[in-house]
Amino acid sequence: MALQKRAWAEPFKIKMVEPLRMTTPPQRQQAMEEAGFNTFLLKSDDVYIDLLTDSGTSAMSDVQWAGMMLGDEAYAGSRNYYHLEEAMQRFYGYRYLVPTHQGRGAEHLLSSILIKPGDTVPGNMYFTTTRAHQERAGGTFVDIIVDEAHDPTDERPFKGNVDLNKLEALIAKVGAKRIPYVSVAVTVNMAGGQPVSMQNLKELRALTRKHGIRVILDATRAVENAWFIKQREKGYADKPVAEILKELCSYTDGCTMSGKKDLLVNIGGFLALNEWDVFEEARNLVVLFEGLHTYGGLAGRDMEAMARGMEEAVQEAHIHARIGQVEYVGEKLHALGVPIVRPVGGHAVFLDAKRFLPHLGQLEFPAQTLAAELYLEGGVRAMERGIVSAGRDAKTGQHHVPKLELVRLTFPRRVYTQAHCDVTVESVYEVFQRRKAVRGLKMTYEPKYLRFFQARFERL
Ligand code: PM9
């Protein structure tokens, strides 16, 4: 038998371990009922393999932990802030930095400063916290992603792209003055971790420049996007990921960042800008909500770990292994006939709950149901990314009904082994085999904001 090369093998070894608790089916049944069939409400101690999110759940390196010991915890002017500023300028290329406690802190500042009531904010598919802050500031989000992003079976390589015709039509309709910025996420989380091409960003820059509209990047997983550009876009195969990342940012005017993803830290984020005026307002506002402008809600040690994480994030061997692991799980499930979003995205494998549980209507919450079943089966925790996450229309109060009804198996970076991946695949497949017997859910409690975090359900 020919040996198969493990091309994505991890470029690290494990120095410290954290024991996991294995549970029995009756224990999981009880835990899931107590959690109201919402995986966010499970206790982490009751979870075996935690694929809820890749946010703040990655393993830091020895170099990052060493950096934690070099935290300068001065109230003002911490040396770690200056290190972070220098690293952000080097890797992302923006001029000004405002640290925040995490991504939504940056979204809050940006939305409060740039959005006026009645404005329209176009974006390549909504993200939960991003849209919530845009709406809270009085804006209306309009989706301008390419149509194929809504089709889980479409195999095109850049399903995160902005549809420039949709954007032009929107500008013609509402006027450039009512569009404070275009919000571009790379990769697109809710579309399945799908990337945006460099060509698309260049064209977006040209169009927005013509109309005097800013482009603000959600750079949360921009390194992963850069990796896909390297793999899939002509002319980039031989360029370092770090170079691709910087070019990608150069077509935008600033970014919001959740450092909890690409940057390999457990907490932290920032807002980065090129415009002095906007920066000045952000630097002023941050002291109200996050903390002084040289720490923004973070300890010095957190900023140090994030600066060091930036260097590690763009290492080719790291990003290759990170995305290779996700692809490994996705390809295994695909080979077993389990319906997933294709192509496999950067940070997660997304199960297509509509095709997995076709007997359930969308108001029976198929993705919520499937996430609960997966936990019951193998103690694997995933996240709903369908009608529950989409929430309600801020004006009409009706459910947003997204075309995509997905369950996200999200991989923390540098945390789980290939055996954990295999157990995950086996658990999904067990549920797939008994899928016809699965009953849906009804919602029994619905909070006002970002309901997916705290909503409760009962079995129908
Ligand atoms: N993303 C995720 O699990 C964590 C919270 S939502 C369930 O995917 C993007 C693209 C994100 C993101 C968070 C944020 C907010 C902004 N943009 O969580 O506030 O994926 O650091 O970042 C989560 P923070």
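Computed from a prediction, not measured in an experiment: that's the story for all the values here. (Residues numbered from 1 in each chain as written. Predicted model: local features only at pLDDT ≥ 70, side-chain atom pairs only at ≥ 80, totals over all residues. Heavy atoms only, no water.)

1. What about the side chain of Asn-161?
Thought 1: Summarising the element assignment, Asn-161 is placed in the loop between strand S4 (140-143) and helix H6 (164-174).
Thought 2: A polar side-chain atom of Asn-161 sits 2.9 Å from the main-chain amide nitrogen of Ser-197.
Thought 3: Beyond its immediate stretch of four places on either side in the chain, Asn-161 contacts Ile-144, Ile-145, Val-146, Pro-195, Val-196, Ser-197 and Asn-200. (Helix = DSSP H or I, 4+ residues; strand = E, 2+ residues; numbered from the N terminus. Polar contact = N/O pair within 3.5 Å; in protein donor to acceptor, adjacent residues only side chain to side chain. Contact = heavy atoms within 4.5 Å.)

2. Some words on the pattern of salt bridges
When their charged atoms lie close together, side chains carrying opposite charge are able to pair.
Thought 1: For the structure shown, the criterion picks out 31 salt bridges.
Thought 2: Of the charged contacts, one joins Glu-316 and Lys-230 as a salt bridge, the two residues approaching to 3.1 Å between their closest N and O atoms. Residue Glu-316 is found in helix H12 (residues 316-335), and its partner Lys-230 is found in helix H8 (residues 222-232); the two are separated by 86 residues along the sequence.
Thought 3: A residue is classified by how much of its surface remains accessible, and Glu-316, at 28% relative accessible area, is partly exposed.
Thought 4: Residues participating in the shared-partner salt-bridge network are Asp-54, Arg-221, Glu-224, Arg-322 and Arg-413. (Salt bridge = Lys/Arg side-chain N within 4 Å of Asp/Glu carboxyl O. Buried < 20%, exposed > 50% of the residue type's maximum accessible area, 1.4 Å probe, protein only.)

3. Some words on helix H9 (residues 241-250)
The periodicity of an α-helix, 3.6 residues per turn, causes residues three or four places apart in sequence to face the same way.
Thought 1: Among the residues of H9, Val-241, Ile-244, Leu-245, Glu-247, Leu-248 and Cys-249 are the ones counted as buried.
Thought 2: Here the buried face of H9 lies against helix H3 (79-91), helix H7 (198-211), strand S6 (214-218), H8 and H12.

4. Comments concerning the site of the ligand
Thought 1: Taken together, the neighbourhood of the ligand is formed by 20 residues, with Thr-53, Arg-104, Asp-218, Ser-258 and Arg-408 sitting nearest.
Thought 2: A distance of 2.7 Å is found between an oxygen atom of the ligand and a side-chain nitrogen or oxygen belonging to Arg-104.
Thought 3: One of the side-chain nitrogen or oxygen atoms of Lys-261 is found 3.0 Å away from a nitrogen atom of the ligand.
Thought 4: Protein contact buries 97% of the 530 Å² of open area that the ligand shows by itself.
Thought 5: Elements with a minimum of two residues in the shell around the ligand: helix H4 (103-114) and strand S11 (383-385).
Thought 6: Considering every element that reaches the shell around the ligand, the biggest residue donor is H4, with three residues.
Thought 7: Looking at the shell around the ligand residue by residue, the class counts come to four nonpolar, eight polar and eight charged. (Near = heavy atom within 4 Å. Areas by Shrake-Rupley, 256 points an atom, 1.4 Å probe, with all protein chains shown as cover. Nonpolar A, V, L, I, M, F, W, Y, C, P; charged D, E, K, R; others polar.)

5. A look at the packing of aromatic side chains
Thought 1: In this structure the tally under the stated criterion is 13 aromatic pairs.
Thought 2: On the basis of an interplanar angle of 75 degrees and a centroid distance of 6.2 Å, the ring pair of Tyr-92 and Phe-270 is categorised as edge-to-face. Residue Tyr-92 is found in the loop between H3 and strand S2 (96-100), and its partner Phe-270 is found in strand S8 (residues 269-273); the two are separated by 178 residues along the sequence.
Thought 3: Relative to Phe-457, the ring of Phe-365 lies with its centre 5.4 Å away and its plane at 70 degrees, an arrangement referred to as edge-to-face. (Phe/Tyr/Trp six-rings, centres within 6.5 Å; stacked < 30°, edge-to-face > 60°.)

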